[in-house]
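Below are the chains, spelled out letter by letter.
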Protein chains: 2
Amino acid sequence: MSGSGGVHALVRRAHEERVLAILRERGGLSRAQIAARSGLSRTTLSEITSDLLARGAIVVVNTDARDRAGSGRPAELLALDPRSGQFLGVDLGHTRVRVAVADAAHEIIASGVEEYPPGSSWPRRLSAGVGLVDRIAREQGLSLAALQGLGVGVAGPDPAGGSRADVLAAFAERFPAPIIVDNNTRFAALAEAASSAEPVQDVLYVRLADGIGGGLVVGGRLVAGAGGAAGEFGHVKVDPVGGVCRCGKRGCLETVAAVRPALTAAGVDDLGELALRRGEPRVRAAMDRVADALGRVLADAALILNPELIVIGGPLPFAVPEIVTRAGAAIAAEMIPGEGHPVIRAARLGDDDGARGAIIACFLQSPLLADYPEPRSVPDPRTAGSQS
Amino acid sequence: MSGSGGVHALVRRAHEERVLAILRERGGLSRAQIAARSGLSRTTLSEITSDLLARGAIVVVNTDARDRAGSGRPAELLALDPRSGQFLGVDLGHTRVRVAVADAAHEIIASGVEEYPPGSSWPRRLSAGVGLVDRIAREQGLSLAALQGLGVGVAGPDPAGGSRADVLAAFAERFPAPIIVDNNTRFAALAEAASSAEPVQDVLYVRLADGIGGGLVVGGRLVAGAGGAAGEFGHVKVDPVGGVCRCGKRGCLETVAAVRPALTAAGVDDLGELALRRGEPRVRAAMDRVADALGRVLADAALILNPELIVIGGPLPFAVPEIVTRAGAAIAAEMIPGEGHPVIRAARLGDDDGARGAIIACFLQSPLLADYPEPRSVPDPRTAGSQS
């Protein structure tokens, strides 16, 4: 930053890196879209993209001709060279492993699932995961030689145990690429944030399952927290005289709004019965209590984090969608009058949300600038959120 | 990312930009510290710093000889060339403007304050602010020719009105540099996060004053939120049957723990009397209620955000430090058993926290990569946190 020549070169490099970072996070953008995201002028951007195209670092993937039929020359969409890298997402759940493979242009080019019995040992699950990747690669003729990154989502509380270190070791031995291991519920948050045409930057995601987990996306990035435990909506107190939670505290949201206490309060045996009988008074009253407790916790979080979007997912609201509607109304009622409120919706992705989110985490972790925060400790499986 | 030559050049540029970004955010680091933060090997880093030193982009600012007396050759501390840029922090409060100037090596090289009557018009305050900068520059012989950035903090609710757009226009006319305008309470959060020897990455900051404002630092960055309203701890409900808040809701934290309701509950006239009589039963009971409500709100936020540090500031806890102790105990009691809890402490900076934080916001906004989030709307002054 001394002479002006040095400054110019640094500025140019920074601009170029910025364009690549934008395309790494989201493939298939027009020059106008890149200009809007980068804050660069059209002239500067045009120089940079010409140079990157000439060097083969980026390519024209297609045009948005369909959207602009008849309005003149279609805009070219630019992306990183798809052949320049593959990204692998793995979601190791309680009963199955899911795998998805994406190219550098962000297209999912292969995927698969393999089930195992609940309670399977970690070595068994890990070998199923690695084996599934190998099988998909073989069947689809992928060499995985250009593997740029690997994200592995791990389900929360698990009787069979297993640590992130084991997961890391099992995949690192087989795949020579940077690996991110995180909670699969947090990866799902990232996938939901990215599931709109224009990715949402600030999202609260909560999942009501056997336990209650969640994830926060702030400024487009997954929040880890100091101890890797951000997004633990399940242990916010909703009832000072409530029941004892598995975490040891009393009256946590999880003692009210996880699947088991919700079924008990409704007087039904399983989620299928819950869905069928959800019009009955006792069941409705129980689900209202779930929605109100959830709404209170999410409202407080929304006042503090000011998100654009709140997503409520997991098997419980899937069985009883009214939970989302009622919690949404409770949240809206607590927002500051006259300032609007976040969009509140049910989760839109299916069982592959964890694998998709794991891939997005890899995209966000630039292969050049490794800035994905390392979890500073391994979360206690007793209290981490659960999925699948 | 096509040929390996291209990849090598890109990697090198990215590494160089990473080193510069680290020094821009925090001046005066040894090569070992830069290596730890960048994840680069000592060999790679040594090549990069040699090159940057040769080009004059960075300099050796001093050595840490004092800390290592007798332990051999002292480590060189590197920083951006201090002459290569100046950064200006301005805090426009209700009764005074504060200004601080820092060089590119992060040293505060000049500062000053000028008071104005409460309720002064915005044009008057803005001209006081611009005038103070000019006076400081003249008196200290600073040309401000190398001004790289300008952060302007603005107090919250204000009878005199005034918008961020006015502030931006007034300073932009006079200073040809990128300008960041934000709430001064949020800037204070950033300053507290940076006030330790090793800056804290994840911080909740709350300020109990005429209103209650706050700021969130996540992964070292200030959180804006979708509407620029992140950190609004004051409007979380703490009492379903509590009094009506100025925001229109009922039982907000602000109706209990802002200065005026706290004084009323304690039966005293002002903060001086509160401090003197804080051992009396009625005053203690009132302050316990403040601390318990505050503790509950911060505990829920801490469960969700998993911060490393919680800072409680503002004139109320300054007068009654027991609020911090008791709120801290309430927070600790709500954390998940066996997982530890954040450090909870009183604010440590004085009245210049807003101006210091404004400068840090400029450092974080790389002059090359403008990634400070633009607030997507101007917060309503009725509900934004207040300061000074």
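Naming follows an unreviewed UniProt entry, where chain A appears as ROK family transcriptional regulator of Paractinoplanes lichenicola. In its Sequence similarities (unreviewed entry) section, UniProt records this for chain A: "Belongs to the ROK (NagC/XylR) family."

Draft legend 1. Spotlight on the packing of aromatic side chains. Taken as a whole, this structure holds 4 aromatic pairs over all chains when the rule is applied. Relative to Phe 175 of chain A, the ring of Phe 171 of chain A lies with its centre 6.3 Å away and its plane at 20°, an arrangement referred to as stacked. Of the two residues, Phe 171 of chain A and Phe 175 of chain A, both sit in the buried class. Taking NZ or CZ as reference, Arg 125 of chain B lies 5.3 Å from the ring centre of Trp 122 of chain B, over its face.

Draft legend 2. Broad picture of the relation of the copies chain A and chain B. By a simple turn and slide, chain A fits onto chain B: the slide is 0.0 Å along the axis, the RMSD is 0.1 Å, and the turn is 180°. Considering both components of the superposition, the chain copies are consistent with a two-fold axis. Here 100% of the interface residues in chain A have copies in chain B that are interface residues too; the copies meet face to matching face.

Draft legend 3. Structural detail: the sheet that holds strand E9 (residues 203-208) of chain B. All names here are of chain B. In space, the 5 strands of this open sheet follow the order E11-E10-E9-E12-E13, with mixed pairing throughout. Pairing within the sheet leaves two strands with one partner each, and these edge strands are strand E11 (221-222) and strand E13 (343-346). Of the strand pairs in this sheet, strand E12 (residues 309-313) and E13 are connected by 4 bridges, and their pairing is parallel. By the bridge assignment, Val 311 is partnered in E13 with Arg 345.

Draft legend 4. Structural detail: the interface of chain A and chain B. At the junction of the two partners, chain A supplies 61 residues and chain B supplies 61 residues. Together, the buried faces of chain A and chain B total about 5000 Å²; carbon and sulfur atoms form 60% of this surface. Joining chain A to chain B, the criterion identifies 4 salt bridges. One salt bridge in this structure joins Glu 334 of chain A and Lys 249 of chain B, with 3.2 Å as the shortest N-O distance. Connecting chain A to chain B are 14 residue pairs in polar contact (both at pLDDT 80 or more). Looking at the side of chain A that touches chain B, the elements with two or more residues in it are helix H1 (4-25), strand E10 (212-218), helix H10 (281-305) and helix H12 (322-334) of chain A. With 10 residues, the single largest contributor to the side of chain A that touches chain B is H1 of chain A. Classifying every residue of the side of chain A that touches chain B gives 30 nonpolar, 13 polar and 18 charged.

Draft legend 5. Structural context of the layout of surface pockets. Reported here for the second largest pocket is a volume of approximately 520 Å³. Around the second largest pocket, the lining comprises 19 residues; the ones closest to its centre are Lys 237, Arg 296 and Asp 300 of chain A together with Lys 237 and Arg 296 of chain B. Broken down by secondary-structure element, the contributors of at least two residues to the lining of the second largest pocket are H10 and H12 of chain A together with helix H10 (281-305) of chain B. In terms of residues, the lining of the second largest pocket owes the most to one element, H10 of chain A, which gives 5 residues.

Draft legend 6. The UniProt feature "domain: HTH cro/C1-type" (unreviewed entry) in chain A, seen in detail. Look at the UniProt record and you will see "domain: HTH cro/C1-type" (unreviewed entry) annotated at residues 20-48 of chain A. Helix makes up 72% of residues 20-48 of chain A and strand 7%, with an end-to-end C-alpha separation of 10 Å.

Draft legend 7. Region of the structure containing the nonpolar core. In terms of nonpolar packing, the biggest core is built from 102 residues, with Met 287 of chain A together with Met 287 of chain B touching the most fellow members. Excluding anything up to four places from it in sequence, Met 287 of chain B contacts Ala 262, Ala 266, Leu 274, Leu 316, Val 320 and Ile 323 of chain B.

Draft legend 8. Main features of the environment of Ala 293 of chain A. Residues and elements named next belong to chain A. As for its position among the elements, Ala 293 is in helix H10. Measuring from C-alpha to C-alpha, the distance between Ala 293 and Ala 257 comes to 7.5 Å, with 36 residues separating the pair along the chain. Once residues lying within four places of it in the same chain are set aside, the contact partners of Ala 293 are Val 238, Leu 253 and Val 256.

Draft legend 9. Seen up close, the sheet that holds strand E6 (residues 108-115) of chain B. Residues and elements named next belong to chain B. Taken together, the 5 strands give an open sheet; going across it, the order is E6-E5-E4-E7-E8, and neighbouring strands pair in mixed fashion. In this open sheet, the two edge strands, each paired with only one partner strand, are E6 and strand E8 (179-183). Put simply, the sheet's adjacent strands are angled 15° from each other on average, direction ignored. Pairing geometry for strand E7 (residues 147-154) and E8, over 5 bridges, is parallel. When the sheet's bridge partners are listed, Gly 151 is paired in E8 with Ile 180. Most of the contacts of helix H5 (residues 164-174) go to E8, to which it runs at about 145°, and overall it touches strand E4 (86-92), E7 and E8. The strands touched by helix H13 (residues 353-364) within the sheet are E4, strand E5 (96-103), E6, E7 and E8, with E4 carrying the most contacts at an inclination of about 140°.

Draft legend 10. Broad picture of the state of the cysteines. Residues and elements named next belong to chain B. Tallied over the entire structure, the rule returns 0 disulfides over all chains. With no disulfide of its own, Cys 247 has Cys 252 as its nearest cysteine by sulfur position, at a separation of 3.7 Å. Taking relative accessible area as the criterion, Cys 247 reaches 3% and is therefore assigned buried.

So, how was this worked out
Residues numbered from 1 in each chain as written. Chains lettered and ligands numbered in written order. Predicted model: local features only at pLDDT ≥ 70, side-chain atom pairs only at ≥ 80, totals over all residues. Heavy atoms only, no water. UniProt positions renumbered as here; feature names shortened; annotations may be inferred. Phe/Tyr/Trp six-rings, centres within 6.5 Å; stacked < 30°, edge-to-face > 60°. Buried < 20%, exposed > 50% of the residue type's maximum accessible area, 1.4 Å probe, protein only. Lys NZ or Arg CZ within 6 Å of the ring centre and 35° of its normal. Least-squares fit on C-alpha atoms with pLDDT ≥ 70 in both. Contact = heavy atoms within 4.5 Å. Pairing = 2+ DSSP bridges. Helix = DSSP H or I, 4+ residues; strand = E, 2+ residues; numbered from the N terminus. Buried area = accessible area lost by both parts, 1.4 Å probe. Salt bridge = Lys/Arg side-chain N within 4 Å of Asp/Glu carboxyl O. Polar contact = N/O pair within 3.5 Å; in protein donor to acceptor, adjacent residues only side chain to side chain. Nonpolar A, V, L, I, M, F, W, Y, C, P; charged D, E, K, R; others polar. 1 Å grid on protein atoms, 1.4 Å probe; cavity = no way out; pocket = protein on both sides within 12 Å on 5 of 7 lines; lining within 4 Å. Points joined across faces, edges and corners; volume = space filled by probe spheres on them. Core = buried A, V, L, I, M, F, W, Y, C linked by side-chain atoms within 4.5 Å. Axes fitted to C-alpha atoms, helices over the stretch in contact; angles between N-to-C directions. Disulfide = S-S within 2.5 Å.

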